Amino acid sequence: MERLTPDDGIFRDEDALRDHFPDRILERDDKLAEYQSRFKEVVRNKRPRNVFVYGPTGVGKTIGTKAVFQNLERSIEAFDYEASRFDEPSLRTVHLECKDLNTSYQVAAHLLNRLRSATNRDRVSTTGYPEGEIYRMLFEELRQVDTSHVLIALDEIDNIGGDDNILYKLPRCNNDNSAAYVDPAATKVGVVGITNDGTFRESLDPRAKSTLCDQEIHFPPYDAVELETIVEDRAAVAFHDDVLSQDVVPLTAALAAQRSGYARTALDLLYEAADNARSADDARVTENHVKTAEESIQQGAIVEEIRGLSTHGTLVAYAMLRLSEGEELPAKIDKIYAWYKQFAEQVDVDPVTSRTIHNTLNDLMVNGTVTSEEVNKGRSGGRHYEYELGCRAEILLDGLEGDSRIGPVDGRL
DNA sequence: CTTCCACAGGAAAAGCCGGGGT
DNA sequence: ACCCCGGCTTTTCCTGTGGAAG
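Enquirer: Residues and numbers for the protein's contact with DNA strand C, please.
Expert: For DNA strand C, the full set of nearby residues is Val352, Thr353, Arg355, Thr356, Asn376, Lys377, Gly378, Arg379, Gly382 and Arg383. Protein-adjacent atoms of DNA strand C, using a 4 Å cutoff, are sugar or phosphate at a proportion of 61%. One of the side-chain nitrogen or oxygen atoms of Thr356 is found 2.8 Å away from a phosphate oxygen of DNA strand C. Take Asn376: an N or O atom from its side chain is 3.2 Å from a base nitrogen of DNA strand C. Of the residues belonging to the surface near DNA strand C, the class tally is one nonpolar, five polar and four charged.

Take a look at the structure:
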């Protein structure tokens, strides 16, 4: 076996494509300006409003929040309050990841510890207290914080299962009719809720919703032009000079924008393409590398999707595969359904109705596993779809391989 | 221009869990 | 142990659709 060496003609620092760049956020100036403006009360030493931030992963919600908080602190530092009619606020910010905190209780306990860590006072155990006691300690701590303002960002709040207690109590603790009242004269509290689950807001308890979602900021996916700037920026660090062909970055950005609009998608794609180029000992990364990488990523997605399919979905996929082998595609749904039904009976599964299979086929079309074409033969045939395999049969086979559910199937109509 | 094919896909009802509460 | 509720899937029902045939 050949020895590995650290020499690399392509990458200067591939980590630039894999890690976050915490210090840099591009193409979000307008969004961040809008975001920051929601906190203008803070620099005026007034009560902050609560903000609800939503948008898919990897579009800058988390670093954007950190940047906004940081800039608020700087804004306060830079402003000459002595010469103004405003009192100078002081700001404490906490960014809490709720990813592994599954209950309101856990969130409250971790929040309490984060607040205490600055003053190095005793941390509390994150288990064992009565729930009410944890809240009592938390709000007591908030009252005693030595800054005029506390801004709390709860990241990935959709992970807080169970009850919405903390999401109800915390955002309204400055309201004097709140059970857990924190006098704004002592501490003004603002809560930022961050989530990538678009439906989360609707699932909130209406009381929590109205206070937490007082102000909303939506982070949309990046478009191709924005992605190009981001990829360009990272590529300058990640690669040696002149390694990327002219159109590699624009193509990467365009494909990623089409697929998801996430920065992560674009960077992964470029990494994959460049890694392939390196493995093939090519001196430069070309558009072809990008295209090949995109294709293999999409095929991987199809294989993954098929592996994750329900029993019925698997049987439909299998039916499509067999129809394709028999050169019977494209086929109408009736035919696919007939095959599906036969296989289902063979493996002793109750077949679902054709309406459901109709939906299943639509699901398979999202990833391009199958495609369809509208056919209209008027009075002699009507209007319907003809379904065709959207990927090579081997890919389907790959996804179905080893699936015990279709092991015993051996049908032919 | 009207009719009519044959299915697409929306809407609502029905069925089916899983998790709490009692 | 039992039941009830909410959320999700499946079934049932039915209207809408575009172009060829008449």
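What follows continues from the structure just given.
Enquirer: Could you give an account of the packing of helix 11 (residues 248-259) against helix 13 (residues 287-307), naming the residues involved and the relevant values?
Expert: Between helix 11 and helix 13, the shortest axis-to-axis distance is 9 Å and the interhelical angle comes to 20 degrees. Classified by the angle between their axes, helix 11 and helix 13 sit roughly parallel to one another. The chirality of how helix 11 crosses helix 13 is right-handed. Between helix 11 and helix 13, the contacting residues are Val248, Leu251, Thr252, Leu255 and Arg259 on the first element and Glu287, Val290, Lys291, Glu294, Ile297 and Gln298 on the second. Of the residues contributing to the contact of helix 11 with helix 13, the split by class is five nonpolar, two polar and four charged.

Enquirer: Explain helix 16 (residues 354-366) to me, using residue names and the numbers behind them.
Expert: For helix 16, built from 13 residues, the straight-helix expectation of 18 Å at 1.5 Å per residue is met to within 8% by its first-to-last C-alpha distance of 19 Å. All of the buried residues along helix 16 are Ile357, Thr360, Leu361 and Leu364. In a view along the axis of helix 16, the buried residues occupy a sector of 100 degrees, so they form one face of it. Exposed and oriented more than 90 degrees from the buried face of helix 16 are Arg355 and Val366.

Enquirer: Give a detailed account of the packing of aromatic side chains, specifying residues and quantitative values.
Expert: Applying the stated criterion across every chain yields a total of 10 aromatic pairs. Seen from their ring centres, Phe39 and Phe69 are 6.0 Å apart, and the 80 degrees between their planes marks the pair as edge-to-face. Taken together, the positions of Phe39 in the loop between helix 2 (29-37) and helix 3 (40-43) and Phe69 in helix 4 (residues 61-78) put the pair 30 residues apart, joining distant regions of the chain. The same class applies to Phe39 as to Phe69, namely buried. Chaining the aromatic ring pairs together yields one cluster made of Tyr35, Phe39, Phe69 and Phe219.

Enquirer: Which residues make up the nonpolar core, and what values go with them?
Expert: If you look at the biggest cluster of nonpolar residues, it comprises 51 residues, and the most contacted ones within it are Tyr35, Phe39, Val192, Phe239 and Val285. Considering each element in turn, this core owes the most residues, nine residues, to helix 12 (residues 263-279). Among residues more than four places away in sequence, those in contact with Val285 are Ile10, Val243, Leu244, Ser245, Val248, Ala273, Ala274 and Ala277. Cys98, Phe139, Leu142 and Val182 belong to the second-largest nonpolar core, a separate cluster that totals 40 residues.

Enquirer: Now, about the packing of helix 14 (residues 311-325) against helix 17 (residues 393-400): what can you tell me, with residues and values included?
Expert: Across the interface, helix 14 lies against helix 17 with an axial gap of 10 Å and an inter-helix angle of 145 degrees. Crossing of helix 14 over helix 17 shows left-handed handedness. Residues Thr314, Ala317, Tyr318, Leu321 and Ser324 of helix 14 touch helix 17, and the partners they reach there are Ala393, Leu396, Leu397 and Leu400.

Enquirer: Give me the protein's contact with DNA strand B: which residues, what numbers.
Expert: Residues in close proximity to DNA strand B total 14 residues, the closest being Arg355, Gly378, Arg379, Gly381 and Gly382. Of all DNA strand B atoms lying within 4 Å of any protein atom, the proportion belonging to sugar or phosphate reaches 70%. Measuring from a phosphate oxygen of DNA strand B, one finds a side-chain N or O atom of Lys332 at 3.5 Å. Here Arg355 contributes a side-chain N or O atom positioned 2.8 Å from a base nitrogen of DNA strand B.

Enquirer: Let's hear about unusual backbone geometry: which residues, and what values?
Expert: Here the phi dihedral of Asp281 falls at roughly 60 degrees; this positive angle occurs in a residue that is not glycine. Assignment of secondary structure puts Asp281 in the loop between helix 12 and helix 13. On the basis of relative accessibility, which here comes to 71%, the residue Asp281 falls in the exposed class.

Enquirer: Would you mind going over the environment of Asn376 in detail, with residue names and values included?
Expert: In this fold, Asn376 is placed in strand 6 (residues 370-376). Judged by its relative accessible area of 52%, Asn376 falls in the exposed class. Asn376 sits 194 residues away from Val182 along the chain, and the two C-alpha atoms are 67 Å apart. Excluding residues that lie within four positions of it along the chain, Asn376 makes contacts with Gly382 and Arg383. Separated by 2.9 Å, the side chain of Asn376 and the backbone nitrogen of Gly378 make a polar contact.

Enquirer: So what about the domain arrangement of chain A? Which residues, and what values?
Expert: Often the size quoted for an interface is simply the accessible area lost on bringing the parts together. Each domain of chain A was delimited in the assignment, giving domain 1 (28-218), domain 2 (222-304) and domain 3 (308-406). Once you take the C-alpha centre of each, domain 2 and domain 3 turn out to be 32 Å apart. Contacts between the two partners involve five residues from domain 2 and, on the opposite side, nine residues from domain 3. Together, Gln299, Ile302 and Val303 form the three largest contributors to the area buried by domain 2 at its contact with domain 3, with a combined 81%.

Enquirer: Outline the pattern of salt bridges, supporting the account with residue identities and numerical values.
Expert: For the coordinates displayed, the defined rule picks out 20 salt bridges. Between Glu294 and Arg259 there is a salt bridge, with the nearest N and O atoms lying 3.0 Å from each other. Here Glu294, found in helix 13, pairs with Arg259, found in helix 11; they are 35 residues apart in sequence, far enough to count as distant. By relative accessible area, which is 35% here, Arg259 ends up partly exposed. Beyond isolated ion pairs, a larger network of salt bridges with shared partners links Asp8, Glu14, Asp275 and Arg278.

Here is what the cut-offs are and how they apply
Residues numbered from 1 in each chain as written. Chains lettered and ligands numbered in written order. Predicted model: local features only at pLDDT ≥ 70, side-chain atom pairs only at ≥ 80, totals over all residues. Heavy atoms only, no water. Near = heavy atom within 4 Å. Polar contact = N/O pair within 3.5 Å; in protein donor to acceptor, adjacent residues only side chain to side chain. Nonpolar A, V, L, I, M, F, W, Y, C, P; charged D, E, K, R; others polar. Axes fitted to C-alpha atoms, helices over the stretch in contact; angles between N-to-C directions. Helix = DSSP H or I, 4+ residues; strand = E, 2+ residues; numbered from the N terminus. Parallel < 35°, antiparallel > 145°, perpendicular 65-115°, else oblique. Left-handed = near helix turned anticlockwise from the far one by under 90°. Contact = heavy atoms within 4.5 Å. Expected span 1.5 Å × (residues − 1). Buried < 20%, exposed > 50% of the residue type's maximum accessible area, 1.4 Å probe, protein only. Arc of directions from axis to C-beta. Phe/Tyr/Trp six-rings, centres within 6.5 Å; stacked < 30°, edge-to-face > 60°. Core = buried A, V, L, I, M, F, W, Y, C linked by side-chain atoms within 4.5 Å. Domains from an automatic or database assignment. Buried area = accessible area lost by both parts, 1.4 Å probe. Salt bridge = Lys/Arg side-chain N within 4 Å of Asp/Glu carboxyl O.

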